[in-house]
Amino acid sequence: MALRAGLLACGIVAMLCGLWGGLFRLGFDLPHAANAAALHGALLICGLFGTVIGLERAVAFGRTWGYAAPACAATGSALLLAGAPVPIGAAAYAMSAALLIAVTLVITSRQRTLFNATLAAGAVSWLAGTLLWAAGADVPDVAGWWIGFLVLTIAGERLELGRLMAKKRGSEFLFVAGVALLAAGAALTLTLTLGAAIYGAALLALAVWLVRHDVVRHTIRQTGQTRFMAACMAAGYLWLGIAGLLLIVMPPATSTFGYDAALHAVLIGFVLSMVFGHALIILPAVARVRIAYRPWLYLPLAVLHLAVALRVGGDILAEDTVRAWSGPLTLAALLGFVGLIVGGIVRKRPTARAGAGTVTPAPDASAAPPADRSAPSTRPHPAGWRGSAVRSLPR
């Protein structure tokens, strides 16, 4: 448990440093921010999400060596923040990505499904971008691969949770075609008009596909935590589609702020919205805590989407002041959400006396549809989850 907490803390430190550097890039005069500003994208994508996704996958995997993946990502962040040359820190990130691929392939060998293959493709995308960055490529040239890592990882998670929904014949082929387009656009790079157009079309196609096949269309009609999670998903898909449109109509090669607008529509509007929605499922499994849902969680969610609206709107209108204030709002949304999550941790009750009745909490209906016994889940789930798993989590 101490190892999990330590790795999670490393991811949070990378996030805070990345955000600090992001504020500096927006024009805020902050101390000791120049190095973090230069590493802004790497710290958030590789340092934060590489660590957290690797940790989540290691918990699902259930073997000790799986934790080497998030440990390498945390090491890469520490090296870069300490002033190590980019190739050194990037090498640690690349090792983390390679280990994540290995873990995911072992899981996939046990359970050959589209969602596991998508998770593996996401890890490969991260490795490809990181190797290019280590070789000296600029971040805009590898951004397509890094964004692909996050988009495909989230898509894989959503595919798993919606695996019981009936799909029309050929729908999986369309999804795979969207993934192939994403890879083609990333290979051409977002800095080329053709690459941006292909990548944008892929994001738009994947957004439409996910909306069509995600359980969110049904869970948005429910209440409580279920509706909150659905709201996060729906808003995220909207921004994913907007990012695709922005890359098509405002390609970075011809638009001053087209790259910035599309990038933050994905990373803030889509990815962070999904993080808000999944946190109530993932954190209880990873940190072994119970987190109570509270309606106040809608407040930081609303602030988050206001922030991305200001960022994209400021980019479109070329208004630096509007763009600048999106940064503090994003930070406020994240800190507010973390505060509510920490405040919502439910302390364990004392063990009941012998003979006394105990109540086992029912699984949260927002987590997923009932598990398919023929396709056991490989993701960690909170206590009380009734579905099957490849490996049971230690209690």
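Residues numbered from 1 in each chain as written. Predicted model: local features only at pLDDT ≥ 70, side-chain atom pairs only at ≥ 80, totals over all residues. Heavy atoms only, no water.

Engineer: Would you mind going over the overall build of the protein chain in detail, with residue names and values included?
Structural biologist: Per the secondary structure count, the protein chain includes 14 helices and two strands. In the protein chain, which comprises 395 residues, the proportion classed as buried is 54%. At a minimum sequence separation of 6, the contacts of the protein chain that also span at least 24 residues come to 72%. Summed over all atoms, the accessible surface of the protein chain reaches about 17,100 Å², with 68% contributed by carbon and sulfur. (Helix = DSSP H or I, 4+ residues; strand = E, 2+ residues; numbered from the N terminus. Buried < 20%, exposed > 50% of the residue type's maximum accessible area, 1.4 Å probe, protein only. Contact = heavy atoms within 4.5 Å. Areas by Shrake-Rupley, 256 points an atom, 1.4 Å probe, with all protein chains shown as cover.)

Engineer: Which residues make up the packing of helix α3 (residues 40-61) against helix α5 (residues 86-110), and what are the values?
Structural biologist: Where α3 contacts α5, the axes come no closer than 10 Å and their chain directions differ by 30°. Between α3 and α5, the interaxial angle falls into the category roughly parallel. The handedness of the crossing between α3 and α5 comes out as left-handed. Facing Ala42, Leu43, Cys46, Gly47, Ile53, Gly54, Arg57 and Phe61 of α3, the residues of α5 in contact are Tyr93, Leu100, Val103, Thr104, Val106, Ile107 and Arg110. Looking at side-chain class alone, the contact of α3 with α5 contains ten nonpolar, three polar and two charged residues. (Axes fitted to C-alpha atoms, helices over the stretch in contact; angles between N-to-C directions. Parallel < 35°, antiparallel > 145°, perpendicular 65-115°, else oblique. Left-handed = near helix turned anticlockwise from the far one by under 90°. Nonpolar A, V, L, I, M, F, W, Y, C, P; charged D, E, K, R; others polar.)

Engineer: Outline the nonpolar core, listing residues and values.
Structural biologist: In this structure, Trp133, Leu203, Val266 and Phe270 are the most contacted members of the largest nonpolar core, which totals 89 residues. A total of 16 residues in this core trace back to one element, the largest contributor, which is helix α12 (residues 258-287). One finds Leu7, Leu8, Val59 and Val286 within the second-largest nonpolar core, a separate group that totals nine residues. (Core = buried A, V, L, I, M, F, W, Y, C linked by side-chain atoms within 4.5 Å.)

Engineer: So what's going on with the pattern of salt bridges? Which residues, and what values?
Structural biologist: Applying the stated criterion to the full structure yields six salt bridges. Note that Arg57 is salt-bridged to Glu56, the shortest N-O span being 3.8 Å. Among the ionic pairs, Asp260 bridges to Arg323, the shortest N-O distance being 3.6 Å. Of this pair, Asp260 sits in helix α12 while Arg323 is found in helix α14 (residues 320-343), placing the two residues 63 residues apart along the sequence. Relative accessible area serves as the criterion here: at 13%, Asp260 is assigned to the buried category. Bridged by salt links that share partners, the residues Asp260, Arg311, Asp315, Asp320 and Arg323 form one connected network. (Salt bridge = Lys/Arg side-chain N within 4 Å of Asp/Glu carboxyl O.)

Engineer: Just give me the short version of the layout of surface pockets, but keep the residues and values in it.
Structural biologist: The gaps left among the atoms become clear once a water-sized probe is rolled over them. Taken as a whole, the second largest pocket holds about 900 Å³ of empty space. Along the walls of the second largest pocket sit 34 residues, with Leu8, Val52, Val275, Ala279 and Leu283 positioned nearest its centre. Listing elements by their share of the lining of the second largest pocket, those giving two or more residues are α1 (2-25), α3, α7 (139-161), α12 and α14. Top element by residues in the lining of the second largest pocket is α12. It accounts for eleven residues. Of the residues assigned to the lining of the second largest pocket, the class counts are 30 nonpolar, two polar and two charged. (1 Å grid on protein atoms, 1.4 Å probe; cavity = no way out; pocket = protein on both sides within 12 Å on 5 of 7 lines; lining within 4 Å. Points joined across faces, edges and corners; volume = space filled by probe spheres on them.)

Function-wise, these values are silent; they only describe arrangement.
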